[in-house]
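Structural overview for review
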Amino acid sequence: ALTPLFCSDSEDLFGDYDSILGDSSFLAKLDDVETSIRKQEDLGSAPHHSSDTRRSAKLNESCRENNELTDSLLTDCLNHDLLIHLPSSQLVLQQGVSDNCSPAHVETTSTPVVINSKRISNTEKDRPASKVRKSITDQLKQAMLNNASAVGTISKKDFQKEAVVTKEIGIALQAENSFNSETDLGPFFGLPSKVKDLIKKLKSIDDLYDWQKICLNLESVQQRKNLIYSLPTSGGKTLVAEILILKELLCRKKDALLILPYISLVQEKVRGLASFGLELDFMVEEYAGSKGRFPPVKKKARRSLYITTIEKGHSLVNSLIETNRLDSIGLVVVDELHMLGEGSRGAILEMTLAKVLYISKETQIIGMSATLNNIGDLQIFLKADNYTNDFRPVQLKEYVKLKDTIYEVDPKEEECFKFSRLLNFKYSGSLQKMDPDHIVALVTEVIPVHSCLVFCATKKNCENVAGMICKYLARDFLRHKEEEKSMLLAALRSSGNGIICPVLQKTVPYGVAYHHSGLTSDERKLVEEAYTSQTLCLLACTSTLAAGINLPARRVILRSPYVATDFLKRSQYKQMVGRAGRAGIDSMGESILILQEKDKLSNLVCAPMENCYSNLMHGEGRGLLSLILSLVGLNITLTLEKMREFLSGTLLGVQEAHVSPDRSLVVLVEQSVEILRKEGLISSSTDGQVSAILHITKLGRATYKGSVDLTYSNVLYRDLSKGLEGLLLNSFLHLVYLVTPYDMVPHCKPDWMIYYTQFAMLSSAEQKMLAALGVPESFLARKAAGQSVKKAWDLEVASRLYLALVLYSLLKETDLWRVSERFQLTRGFVQTLLSSSSAFCSCVLHFTEEMEELWPFKALLAELTRRLTYCVQAELIPLMEVAGVMEARAKQLYNAGYRTLTHLANADPSLLAKTVENLFKGQANQIVASAKMLLQEKAEALQEEVDDLLTKPADLPT
């Protein structure tokens, strides 16, 4: 709507530039006319005799013609075709001006008469005009000033019409800037309708649930306040977060950060959102394991969605703070926010969020959390609103099995459950002995038509339960989806280079498998895909599946209320039973918890939800020490006072009385600073003074930039420095030893006979290197023979070297199965060792970049990181860079002719699905989309590098 503008007559609103003056051709005509008029007026005003009457008449006629010419020029200007684009109220005003310019209204002036809001008195009207003619430019300026200060006589209808038109124009302009002409902006929660179509096409979601619509229309969401929302598992939390992320990327033109708890979830989400990025023109970047650039490439044209693990998210935020770019992140979304209360990872998540809150006030934080008993503490920490709902797309019925009776869980009942049915399974004596809990009978009530998950306490129990179930299943199960199961077995065999797990070989034909961390990445992915496509109907799994990717089932059975030897937490129980019921497939879901004693039930069903507490003090306060070190290194807080101010805004500050009842924040800060000073990680300008300025040392900077655990920073520096004295470069073994994670050592006890055998197979240079590190042949020979060793040897170094030999064998052979068998280790442990080593190698690389004396490691570790990340033949690495493509799939793609990233990015998904065995159309679409996104990311990074090289320096001397 128009707002009247009030100004003094003398005020120049146009400054040194007038938009009208920008049209030089128009002003040239005015100047010519004005010059001519003034000459004629000068001549006409001079005294003349009767003999000059005819000449005077000619002059007056000429003057009149010039006045008409001026009127014509102005009328042409004011009636230009462009005026048809003006809002209605502007046209009303313009019509008034045009009317006053018409011959019926014009009396003695050649410029339009502008009706001012002030009433013109008769005296002023009758006052003779000044003989000095004003410049036409001045008159135009005065006319515009008068128009600006005038209150137009606009009807209410016109006023409303203009408001609508103005709004529509604003939306259209926004849409034009953001998208092409095929899209619009606004109808889908502020997003173009194209987003709704993509959600339907890519996610098969026609409409949102009512709670999702309510949540997206919350005042806190509309006003961009921080928000925590909690719903049961499978309630649709993620879609709300994705819509908010898209609004940030497309509408506000800001980057977004999505933090997920596990690498598998990051890879799944990168694959799932890559298609959205390609369609809506934004980047999707993976930050997990050793992947990710710090700081990220600064992009001019497109926005980025960073999908990260908890650890990589912290490193990313640190790099953005260091380069003063944190304000480029408009939204941070955290999945599983309740992980703030889980050990060292919770401490890292708390550090990340606290830094964002302290530095970037405009960044919105959205947290998805399980229901917590003390959600109020998290609200205070994040300065957030809270939304909760108990919605589930599929009804869940919870049951408990006690001996031969099934009870339905009902918290309203006095004992929390009520009788449901009596089991009357006809078990033989041998079956009753093998399966006293009736698991076989309970699963055969639903499989193979429906799916089932059986949660077990240990990995070994998963394999035993899967084998036991298949032993007593009917032969009919073998014929169900027989062809698909044969293809799965072939794919599993191919992933193991001809070797297949004997348990899976027996169970897969029945549609049964196990799922735990002992599987390789390839096996896990194949099993998950087969279960999703209903080739497999039952998985015996550990609790990690409940926290990982979404694999729902019609029935969920909890073999026992334990995870290893620990009794289930209520949150863990809810997460497991929440997998029951598949939206769009099942009409209901059911869970059955097998108990031996009913008094345990109330601990799971009727007890309140757990509390979430800060973990900055976890592990003797290592989280707090890391936080303070990075605060000093990033120049966020450099004094004790500022440090206390920062900590008061953390979850630790909110829960100080509970988490640290004996020591206040003041004491904690002082003690932590003193520890860091003793470790040589920070220094201060005036020791002992409250106002002392804290400084980070080179070692301290390398520690926080490399995300190295403070426990190992000095040890790592010592090992790297010592390594330079006699670095073995004709073999990877020495470098591999230096990047073998210290925290993996306690999880593996060397088999000394295997150790000695492997030592004997090394080259003489490699054997000398081991001896120099403290593991000579004589030591290994005595240990292998079972003899005592008199001299004190460093067993930790020996154990770390043993793990290094495992990794070294992997790099040489790239066959995980054979290496696992040779060292008598589970393939799951070897897989974990490999992924941990690649991540730690990346950390060590960043560590050495900050230490000038360690410069030789920079180039060496860059290549080693790449090799450890993929640990495959070199030609497969470009394909494995694509999110979710494992070794087995990379081999299939390579053999099918897709040998580079460019090949994959330009592939036809339909042809790809037909060419590659056991690859579904949806998976092919995701692979191609991920490859395209990665290719664009690499190309854009190169383009930005070119632009930087060609950009003229801002500080160039003049």
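Located above this text is the structure these notes cover.
The text that follows walks through the structure, step by step, so that each part is easy to find. (Residues numbered from 1 in each chain as written. Predicted model: local features only at pLDDT ≥ 70, side-chain atom pairs only at ≥ 80, totals over all residues. Heavy atoms only, no water.)

1. So, the overall build of the protein chain
- Counting its secondary structure elements, the protein chain contains 44 helices and 19 strands.
- Counting every position in the protein chain, which comprises 958 residues, the buried fraction comes to 49%.
- Considering only contacts within the protein chain whose residues lie at least 6 apart along the sequence, 70% involve residues at least 24 apart.
- Split by element, the accessible area of the protein chain, about 46700 Å² in all, is 52% carbon and sulfur. (Helix = DSSP H or I, 4+ residues; strand = E, 2+ residues; numbered from the N terminus. Buried < 20%, exposed > 50% of the residue type's maximum accessible area, 1.4 Å probe, protein only. Contact = heavy atoms within 4.5 Å. Areas by Shrake-Rupley, 256 points an atom, 1.4 Å probe, with all protein chains shown as cover.)

2. A few points about the sheet that holds strand β7 (residues 384–388)
- In spatial order, the strands read β3-β4-β2-β5-β6-β1-β7; together these seven strands make up an open sheet with parallel pairing. Both outer strands of the open sheet, β3 (283–287) and β7, are each paired with one neighbouring strand and no more. The average angle at which neighbouring strand axes cross in this sheet is 15°, direction not considered.
- The sheet contact formed by strand β5 (residues 329–334) and strand β6 (residues 364–369) spans four bridges and is parallel. (Pairing = 2+ DSSP bridges. Axes fitted to C-alpha atoms, helices over the stretch in contact; angles between N-to-C directions.)

3. With respect to the pairing of β6
- Burial analysis of β6 places six of its six residues in the buried class, which makes it a mostly covered element.
- Alternating positions in β6 separate into two faces, Q364, I366 and M368 on one and I365, G367 and S369 on the other, with burial throughout.
- Two elements, strand β1 (residues 226–230) and β6, share four bridges in a ladder whose sense is parallel. Within β6, the residue paired with Y229 across the bridge is M368.
- For the crossover that starts at β5, traverses helix α13 (residues 343–359) and ends in the parallel β6, the hand is right-handed. (Right-handed = clockwise from strand over helix to strand, strands pointing away.)

4. Comments concerning the packing of aromatic side chains
- The full count for this structure, using the stated rule, is 18 aromatic pairs.
- Judged by centre distance (5.8 Å) and plane angle (85°), the rings of Y287 and Y306 are edge-to-face. Linking Y287 in strand β3 with Y306 in strand β4 (residues 304–308), this pair joins segments that are 19 residues apart in sequence. As far as burial versus exposure is concerned, Y287 and Y306 are alike and both buried.
- The structure contains a cluster of three or more aromatic residues connected by ring pairs, namely W752, Y755, F779, W793, Y802 and F823.
- The ring of Y742 carries the charged tip of R800 above its face, separated from the ring centre by 3.9 Å.
- Just above the ring of Y894 sits the side chain of R899; from NZ or CZ to the centre is 4.5 Å. (Phe/Tyr/Trp six-rings, centres within 6.5 Å; stacked < 30°, edge-to-face > 60°. Lys NZ or Arg CZ within 6 Å of the ring centre and 35° of its normal.)

5. Thoughts on the packing of helix α33 (residues 752–760) against helix α35 (residues 777–784)
- In the contact formed by α33 and α35, the axes pass within 8 Å of each other and the chain directions differ by 145°. Helix-helix and strand crossings are classified by hand; for α33 and α35 the assignment is left-handed. Side by side, α33 and α35 meet where W752, M753, Y755, Y756 and F759 of the first sit next to E777, F779, L780, A781, K783 and A784 of the second.
- Along the lines of polarity and charge, the residues of the contact of α33 with α35 split into nine nonpolar, no polar and two charged. (Left-handed = near helix turned anticlockwise from the far one by under 90°. Nonpolar A, V, L, I, M, F, W, Y, C, P; charged D, E, K, R; others polar.)

6. Comments concerning the pattern of salt bridges
- Under the counting rule described, the total for this entry stands at 37 salt bridges.
- Across the pair K213 and D207 runs a salt bridge, and its minimum N-O distance is 3.2 Å.
- D719 serves as the salt-bridge partner of R800, at 3.3 Å between the closest nitrogen and oxygen. Of the two residues, R800 sits in helix α36 (residues 795–813) while D719 sits in helix α31 (residues 713–725), which places them 81 residues apart along the sequence.
- Given the relative accessible area of 3%, R800 is considered buried. (Salt bridge = Lys/Arg side-chain N within 4 Å of Asp/Glu carboxyl O.)

7. Points about empty space enclosed by the protein
- Going through the model one piece at a time under the given rule, you end up with five cavities of 30 Å³ or more.
- Its boundaries defined by the atoms lining it, the largest cavity holds a volume of some 120 Å³.
- A491, S494, S495, D522, K525, L526, E529, G884, M886, A888, R889 and Q892 together form the lining of the largest cavity.
- Those elements that place two or more of their residues in the lining of the largest cavity are α19 (482–495), α21 (521–532) and α41 (887–895).
- Classifying every residue of the lining of the largest cavity by side-chain character gives four nonpolar, four polar and four charged. (1 Å grid on protein atoms, 1.4 Å probe; cavity = no way out; pocket = protein on both sides within 12 Å on 5 of 7 lines; lining within 4 Å. Points joined across faces, edges and corners; volume = space filled by probe spheres on them.)

8. Focus on unusual backbone geometry
- Cis peptide bonds are those with omega within 30 degrees of zero, and the linkage from F294 to P295 qualifies with -10°.
- Note on placement: P295 falls in the loop between β3 and β4.
- A cis amide bond, omega 5°, links I447 with the succeeding residue P448.
- Among the structural elements, P448 can be located in the loop between α16 (439–444) and β11 (452–455).
- A positive phi angle, near 60°, is found at E620, a position not held by glycine.

9. What to know about the side chain of K291
- Positionally, K291 belongs in the loop between β3 and β4.
- Residue classification places K291 among the buried positions, given a relative accessible area of 18%.
- Within polar-contact distance, the side chain of K291 engages the backbone oxygen of E881 at 3.1 Å.
- K291 has contacts with E286, K312, Y870, M880 and E881, leaving out every residue within four places of it along the chain. (Polar contact = N/O pair within 3.5 Å; in protein donor to acceptor, adjacent residues only side chain to side chain.)

10. Some words on the sheet that holds strand β17 (residues 588–595)
- Taken together, eight strands build an open sheet; the order of strands is β10-β9-β8-β17-β14-β11-β13-β12 and the sheet is mixed. For this open sheet the edge positions go to β10 (417–422) and β12 (512–515), each flanked by a neighbour on one side alone. Direction aside, neighbouring strands of the sheet carry axes that sit 25° apart on average.
- Contacting β11, β12 and β13 (538–541), α21 runs over the sheet at an angle of about 130° to β12.

11. Quick look at α19
- The end-to-end C-alpha separation of α19 is 20 Å, in line with the 20 Å expected for 14 residues at 1.5 Å each.
- Of the surrounding secondary structure, the elements contacted by the buried residues of α19 are α18 (476–479), α20 (502–507), α21 and α41.
- Immediately downstream of α19, the backbone of N497 shows phi near 55°, a positive value. (Expected span 1.5 Å × (residues − 1).)

These figures come from the coordinates and say nothing about function on their own.
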